[in-house]
Amino acid sequence: LRAAAEELVQSSAAPAAEEAGDLEEDWLSGFAPYAERATTQRMRSLFGRVLAGEIRKPNSFSLFTLDILSKLTQREAEWIVKIAPLVIGNAIVLTAGPMEVLTFILQSRLGELGILTASSIGRASNAVGRAQLELNVRGKPARAIVHRQTLFLVEADEAKEIQWPIALLTTAGHEILSLHETELDPQMLRQWASHLKAQKATLSQAPILKTNADGSILFGDFFTITPDEPLNLGA
């Protein structure tokens, strides 16, 4: 409780009064045993952040996710922290840089932990993730990806399908990675922009200024992410 209170005081993501909700009694009953077994400072801090997140936005963490968290070793937690700067929305864009970090062995281990979906391990998936929205911008296909307080927009120069290779997080993986508020790897963003440039598409981002109760968002000005030299990563 003390760790959760400290997290809520320090966090800039406190909800507006109309956004907050009551914690479910069943969730609290399920949470309590895990919190009681959190004897190390690392685990107490981790479960404090979970409780704070659930207070800010109820139904953010499932009991299944709590079970995974309670069983993570220090080394496994370090794997998750390692990939955190590469995660956008609920996926990792598999450009050259991230693929050096997210080796097949690491993908397999994260799959065993329930962090990555089994179908995306060892291959490049082009599936549209939960955090993506299909849009039509100026008569052309576009995708918007919400990542924390940033909105990414992928726009095509032509009316065609835009694709990029990704490794998908599971629901539990998405919830666990939401606990690690790290800056995105800028090289990964430039390489992603390069991959899109080869498809005559651009990548831009804008700050999210406000999220309304109905799910709509207010965002600031977009600026285009400058790509690295085009990479031969396939379609």
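Everything numeric in this text was worked out from a predicted model, so none of it was measured.

1. As for the overall build of the chain
Looking only at helices and strands, the chain has 9 helices and 9 strands in total. Here the analysis covers contacts within the chain between residues at least 6 apart in sequence; of these, 67% occur between residues at least 24 apart. For the chain, the computed accessible surface area is about 12,600 Å², with 53% contributed by carbon and sulfur atoms.

2. What to know about the packing of helix H3 (residues 41-56) against helix H4 (residues 63-71)
Taken N-terminus to C-terminus, the directions of H3 and H4 make an angle of 165 degrees; their axes are 11 Å apart at the nearest point. Comparing their axes, H4 and H3 come out roughly antiparallel. Both H3 and H4 take part in a crossing whose hand is right-handed. Here Met43, Leu46, Phe47 and Val50 of H3 lie close against H4, whose contacting residues are Leu66, Leu69 and Ser70. The residue inventory of the contact of H3 with H4, partitioned by class, reads 6 nonpolar, 1 polar and no charged.

3. Observations concerning the sheet that holds strand E6 (residues 166-168)
Backbone-to-backbone hydrogen bonds pair the strands of a sheet. The strands run either parallel or antiparallel. Ordered by their spatial adjacency, 3 strands build an open sheet running E1-E2-E6, and the pairing between neighbours is antiparallel. One side of each edge strand has no neighbouring strand; the edge strands of this open sheet are strand E1 (87-88) and E6. Here 2 bridges tie E1 to strand E2 (residues 91-93), and the two strands are oriented antiparallel to one another. Bridging across to E2, Ile88 finds its partner in Ala91.

4. A word on helix H2 (residues 25-36)
Between its first and last C-alpha, H2 extends 17 Å over 12 residues, near the 16 Å set by a 1.5 Å rise per residue. By the burial criterion, the buried members of H2 are Trp27, Gly30, Phe31 and Tyr34. The arc enclosing the buried residues of H2, seen along the axis, measures out at 100 degrees, which places them on a common side. The outward face of H2, more than 90 degrees from its buried face, is lined by the exposed residues Glu25 and Glu36.

5. Points about the packing of aromatic side chains
Enumeration over the complete set of coordinates arrives at 6 aromatic pairs. Across the ring face of Trp164, the terminal group of Arg143 is positioned such that the distance to the ring centre comes to 5.0 Å.

6. Some details on the confidence of the model for the chain
For the chain, the mean per-residue pLDDT works out to 83, and 84% of the residues sit at or above 70. Below pLDDT 50 for its whole length, residues 127-131 participates in 17 contacts with residues either more than four positions away or in separate chains. When the criterion is pLDDT under 50, residues 230-235 qualifies, and its contacts beyond four places in sequence or with other chains add up to 11 contacts.

7. Points about the packing of helix H5 (residues 74-83) against helix H7 (residues 104-113)
As a packed pair, H5 and H7 sit with axes 11 Å apart at the nearest point and diverge in direction by 115 degrees. One finds that H5 runs roughly perpendicular with respect to H7. The hand of the H5/H7 crossing is left-handed. Contacts between H5 and H7 involve Arg75, Glu76, Trp79, Ile80 and Ile83 on the former and, on the latter, Leu106, Arg109, Leu110 and Leu113. Taken together, the residues of the contact of H5 with H7 sort by class into 6 nonpolar, no polar and 3 charged.

Thresholds applied
Residues numbered from 1 in each chain as written. Predicted model: local features only at pLDDT ≥ 70, side-chain atom pairs only at ≥ 80, totals over all residues. Heavy atoms only, no water. Helix = DSSP H or I, 4+ residues; strand = E, 2+ residues; numbered from the N terminus. Contact = heavy atoms within 4.5 Å. Areas by Shrake-Rupley, 256 points an atom, 1.4 Å probe, with all protein chains shown as cover. Axes fitted to C-alpha atoms, helices over the stretch in contact; angles between N-to-C directions. Parallel < 35°, antiparallel > 145°, perpendicular 65-115°, else oblique. Left-handed = near helix turned anticlockwise from the far one by under 90°. Nonpolar A, V, L, I, M, F, W, Y, C, P; charged D, E, K, R; others polar. Pairing = 2+ DSSP bridges. Expected span 1.5 Å × (residues − 1). Buried < 20%, exposed > 50% of the residue type's maximum accessible area, 1.4 Å probe, protein only. Arc of directions from axis to C-beta. Phe/Tyr/Trp six-rings, centres within 6.5 Å; stacked < 30°, edge-to-face > 60°. Lys NZ or Arg CZ within 6 Å of the ring centre and 35° of its normal. pLDDT = per-residue confidence, 0-100.

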